[in-house]
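# Fold and contact review
Listed below are the residues making up each chain.
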Amino acid sequence: MCDKPILHYLNGRGRMESIRWLLASSGVEFEEQFFETKEDFEKLLNNGDLMFQQVPMVEMDGMKLVQTKAIISYIAEKYDMYGKDQKERAYIDMFFEGTYDLMVLLLQMPFMTEPEKEDQRVLIKQKTLKRYFPVYEEVLRKQALKKQDYLVGNKLSLADVHLLETILAVEEVHPDILHDNNFPNLQAFKARMSALPTIKKFLEPGSKRKPVADEKYVNTVKKVFLS
Ligand SMILES: N[C@@H](CCC(=O)N[C@@H](CS)C(=O)NCC(=O)O)C(=O)O
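Residues numbered from 1 in each chain as written. Predicted model: local features only at pLDDT ≥ 70, side-chain atom pairs only at ≥ 80, totals over all residues. Heavy atoms only, no water.

The full set of residues close to the ligand is Tyr-9, Arg-15, Gln-53, Gln-54, Val-55, Pro-56, Gln-67, Thr-68 and Phe-225. One of the side-chain nitrogen or oxygen atoms of Gln-54 is found 3.0 Å away from an oxygen atom of the ligand. Considering only residue class, the shell around the ligand consists of 4 nonpolar, 4 polar and 1 charged. (Near = heavy atom within 4 Å. Polar contact = N/O pair within 3.5 Å; in protein donor to acceptor, adjacent residues only side chain to side chain. Nonpolar A, V, L, I, M, F, W, Y, C, P; charged D, E, K, R; others polar.)

Take a look at the structure:
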């Protein structure tokens, strides 16, 4: 019997990647069971393991957890990444939802046609610069005045982990976005966060972090879910 969480998904980012980030940042080791074919996915379905016939699914603590945000909340709570009280948790949720909305735009991109991808690139830049990054820059600026390194309280939380994941994902599309647009606090945050031992390890080659979706992955997703 395996005590580590077991993550059931494809061998790619998708909705599972933020769960991988959160576990890894919390210093929690996990196993992964990938499926590559429609038949593999159907096996899980036929076993009745997927409450809504969807993944991600995470086996932990005797449960088969589904629904990404429910899984993330459970893990954040369990590993003390969810603030010290209800108010901190409300802010963590708001910050997380903001970066999650931006991340959805990024996750959609590999599945688009080339002209659609170009439009999406523009949309991501516009939303990043006008809506999302200024919020986090300002929060971090105020936190820095109080000598606090994180978005909420003075402790690493889900909000920080997901912000770093999102910054790195946006940079894959717009590499100079932080530097060219005067986000000094986000730049400092990125450097600090990337140096935390658990995160540093996750960022190193050979970790369970997944690469940006390539054509092979896109085809696998289509084969498994859309054929
Ligand atoms: N609300 C769910 C959505 C999950 C979802 O759409 N999963 C996709 C794969 S990323 C899936 O299982 N699709 C198959 C289907 O919906 O039949 C969540 O956030 O976990």
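Okay, back to it.
Let us now look at empty space enclosed by the protein. Per the counting criterion, the structure on display carries 1 cavity of 30 Å³ or more. Approximately 50 Å³ is the volume attributed to the largest cavity. What lines the largest cavity is simply Gly-14, Arg-15, Ser-18, Tyr-100, Met-103, Val-104 and Leu-107. For the lining of the largest cavity, the element with the highest residue contribution is helix α4 (residues 86-108), accounting for 4 residues. The class makeup of the residues in the lining of the largest cavity is 4 nonpolar, 2 polar and 1 charged. (1 Å grid on protein atoms, 1.4 Å probe; cavity = no way out; pocket = protein on both sides within 12 Å on 5 of 7 lines; lining within 4 Å. Points joined across faces, edges and corners; volume = space filled by probe spheres on them. Helix = DSSP H or I, 4+ residues; strand = E, 2+ residues; numbered from the N terminus.)

With respect to the secondary-structure elements, Ser-25 resides in helix α1 (residues 17-25). The exposure class of Ser-25 is buried, given its relative accessible area of 6%. Looking at Ser-25, its side chain comes within polar contact range of the main-chain oxygen of Trp-21, at 2.7 Å. In contact with Ser-25, not counting residues within four places along its chain, are Met-81, Leu-156, Val-161, Thr-198 and Ile-199. (Buried < 20%, exposed > 50% of the residue type's maximum accessible area, 1.4 Å probe, protein only. Contact = heavy atoms within 4.5 Å.)

Turning next to the packing of aromatic side chains. Counted under the stated rule, the structure contains 8 aromatic pairs. Taking 6.2 Å as the distance between ring centres and 45 degrees as the angle between the ring planes, the aromatic pair formed by Tyr-91 and Phe-95 counts as tilted. Here Tyr-91 pairs with Phe-95, and both are found in helix α4, just 4 residues apart, close to one helical turn. Measuring from ring centre to ring centre gives 5.4 Å for Phe-96 and Tyr-100, while their planes differ by 45 degrees; the resulting arrangement is tilted. Of this pair, Phe-96 and Tyr-100 are both found in helix α4, 4 residues apart, which corresponds to roughly one turn of the helix. Summarising the burial analysis for this pair, Phe-96 and Tyr-100 share the class buried. Aromatic ring contacts, followed pair by pair, group Phe-35, Phe-41 and Phe-225 into a single cluster. (Phe/Tyr/Trp six-rings, centres within 6.5 Å; stacked < 30°, edge-to-face > 60°.)

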